[in-house]
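# Close look at the chain arrangement
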Amino acid sequence: LSNGDEVFKSFDFTLGGDFSFPKQDITLFKYSIHIPKIYVVFNQTFGAGAYYGMKFEIAAKVLEMKAICGVEPYAGVTVYGELGIGFLLYGKLRLEGRIMDLRFPTTAEITFNKFPLDVGLVMYLKLTPIELNLYALVTLEVDLGLTKFKKTLFKMKLWSYKAATITKKLIDNRKDEEDETPPDVSPFTDDEIPGRKRRATPSCEVEQIADRDYVEPMFEIAVRAEDDRSDVAYFLDVGTVPGGKDVMDQHTLGGPKTSVDEAISMKMNP
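The rules behind the values
- Residue numbers run consecutively from 1 along every chain, following the written order of its sequence.
- Reporting in this predicted model follows two pLDDT cut-offs: at least 70 for local features of residues, and 80 or more for side-chain atom pairs to be given and counted; totals over whole chains, interfaces and linings ignore these cut-offs and use all residues.
- Excluding hydrogens and water, the side-chain values take into account all heavy atoms of the structure.
- Secondary structure elements are defined from DSSP: runs of H or I of at least 4 residues count as helices, runs of E of at least 2 residues count as strands, and each element is numbered from the N terminus.
- Each residue's exposure class comes from its accessible area (1.4 Å probe, protein chains only) as a fraction of the maximum for that residue type: buried when under 20%, exposed when over 50%, partly exposed otherwise.
- Only heavy atoms matter for contacts: two residues are in contact if any of them lie within 4.5 Å across the pair.
- Method for areas: the Shrake-Rupley scheme with a 1.4 Å probe, in which residue coverage is limited to the protein chains shown.
- Counted as salt bridges are all cases of a side-chain nitrogen of Lys or Arg within 4 Å of a carboxyl oxygen of Asp or Glu.
- Side-chain atoms within 4.5 Å are what join buried Ala, Val, Leu, Ile, Met, Phe, Trp, Tyr and Cys residues into a set we call a nonpolar core.
- A strand pair is defined by DSSP finding two or more bridges across the two strands.
- For this analysis, a polar contact is any N or O atom pair within 3.5 Å, provided that within protein one partner can donate a hydrogen and the other can accept it, and provided that sequence-adjacent residues contribute only side-chain to side-chain pairs.
- Between rings of Phe, Tyr and Trp, where Trp is taken as its six-membered ring, a pair exists when centres lie within 6.5 Å; planes separated by under 30 degrees are stacked, by over 60 edge-to-face, and by other angles tilted.
- Our definition puts a charge over a ring when NZ of Lys or CZ of Arg is within 6 Å of the ring centre and also within 35 degrees of the ring normal.
- Without a salt bridge and with relative accessible area above 30%, a residue can belong to a patch; like charges are then joined within 9 Å and nonpolar side chains (Val, Leu, Ile, Met, Phe, Trp, Tyr) within 5 Å.

### Describing the overall build of the protein
Across its full length, the protein holds zero helices and 15 strands. Here the protein, with 270 residues, has 25% of them falling under the buried criterion. Pairs at least 24 apart in sequence give 57% of the contacts found in the protein among residues at least 6 apart. Accessible surface for the protein amounts to roughly 19,200 Å². Of this, 59% is attributable to carbon and sulfur atoms.

Written as structure tokens, this is what we have:
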């Protein structure tokens, strides 16, 4: 009954999905040189292309009451060079490079636990100047004039290099300012219960629950507070003087109506 809101702060349920736009490749040019020798063929190939695509993700955090939408459009240029030797079966070295890999990851967070809704938008620029990868390959290539095909039988990365990614924040309209306005305290009411009177209090009411053993007392605390800009957390202070908290300090309550059975010891001065 008390500290009930603390139970769910250590975890949350996240429901999400990926609806990405598939990566699209474009060939700008391709040039090959075949040098036939006795029993073998030397093969050199050069080319360049481009690619583009978009990642799209959407998720919702259940307990935090927050929806998240992420969009990341990206594009870049690719170049490659390949050197091979063989006949039908080719052994090759292939160097692939990505130039100017440009991405704009954008995330929107919508908090729907109050109205009006809070929408935070963050956009970054991520630029990777160059990325190189060297591969060793074994391919099967058959050319019968009217029919030809190529099959990669083995591929292994021998070396790679990637320049540091340049990151720059472009847009950030999230509101991180602290809400310093006090909440509005309104009368607390509940339905009529047989044997108990209906209440309407402008602030707070503390009442001892009847018909319990005197060594295990329990108190019911009722208060209602609302804030249109932020969540309201309920805490209880108990002191030997009005406004004091020397007996209980910042005890977390589970909501606007909470039953508390904490053991309280007080030293009363005569």
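Now, onward.
### A few points about the pattern of salt bridges
Summed over all chains, the structure comprises nine salt bridges. The partner of D101 in a salt bridge is R103, and the shortest N-O contact between them spans 2.8 Å. Exposure class is identical for D101 and R103. Each is buried. When salt bridges with common partners are traced through the structure, they connect E82, K92, R94, E96, E141 and K150 into a single cluster.

### Focus: the nonpolar core
Counting residues in each nonpolar core, the largest one holds nine residues, listed as I221, V223, A225, Y234, L236, V238, M248, L253 and V260. Contributing elements (two or more residues each) for this core: β12 (219-226) and β13 (235-238).

### Thoughts on the environment of W159
Its location among the elements puts W159 in strand β8 (residues 148-162). Put simply, W159 and L95 are 64 residues apart on the chain and 9.3 Å apart in space, counted from C-alpha to C-alpha. Those residues in contact with W159, other than ones at most four positions away along the chain, are L95, L132, N133 and L134.

### Structural notes on the pairing of strand β2 (residues 21-36)
Looking at chain direction, β2 and strand β3 (residues 41-61) are connected through 13 bridges and run antiparallel. Each residue of the ladder has a partner; that of I35, found in β3, is F42. The antiparallel hairpin formed by β2 and β3 contains four residues in its connecting segment, where Y39 sits at a positive phi of about 70°.

### Looking at the environment of T165
As for its placement among the helices and strands, T165 is situated in the loop between β8 and β9 (166-172). What makes T165 partly exposed here is its relative accessible area of 37%. Through-space distance from the C-alpha of T165 to that of L127 is 5.5 Å; in sequence the pair is 38 residues apart. The residues contacting T165, other than those within four sequence positions of it, are K126, L127 and T128. In this structure the side chain of T165 is engaged in a polar contact, spanning 3.1 Å, whose partner is the side chain of T128.

### Thoughts on the side chain of N43
Of note, N43 is situated in strand β3. Non-local contacts of N43, meaning those with residues more than four positions away in its chain, are made with I33, H34, E82, L83, G84, K92 and E141.

### Some remarks on the packing of aromatic side chains
Per the stated rule, a full pass over the model turns up one aromatic pair. Judged by centre distance (6.5 Å) and plane angle (45°), the rings of Y51 and Y74 are tilted. Residue Y51 is found in strand β3, and its partner Y74 is found in strand β4 (residues 66-87); the two are separated by 23 residues along the sequence. Here R94 stacks its cationic end above the ring of Y80, 4.4 Å away from the centre of that ring. Directly above the aromatic system of Y135 lies the positively charged group of K155, at a separation of 4.4 Å from the ring centroid.

### Observations concerning a nonpolar patch on the surface
There is a patch of nonpolar side chains on the surface, built from F21, I26, L28, F29, Y31, F46, Y52, M54, V77, V79, I99 and M100 and spanning about 1,100 Å² of accessible area. Every element with two or more residues in the nonpolar patch is listed here: β2, β3, β4 and β5 (89-103). When residues in the nonpolar patch are grouped by element, the largest group, five residues, is from β2. Positionally, F46 belongs in strand β3.

### Let's talk about the side chain of E141
With respect to the helices, strands and loops of the structure, E141 is situated in strand β7 (residues 118-143). Classification of E141 as buried rests on a relative accessible area of 17%. Polar side-chain contacts of E141 include one of 2.4 Å to the side chain of K92. E141 has contacts with N43, L88, Y90, K92, F149 and K150, leaving out every residue within four places of it along the chain.

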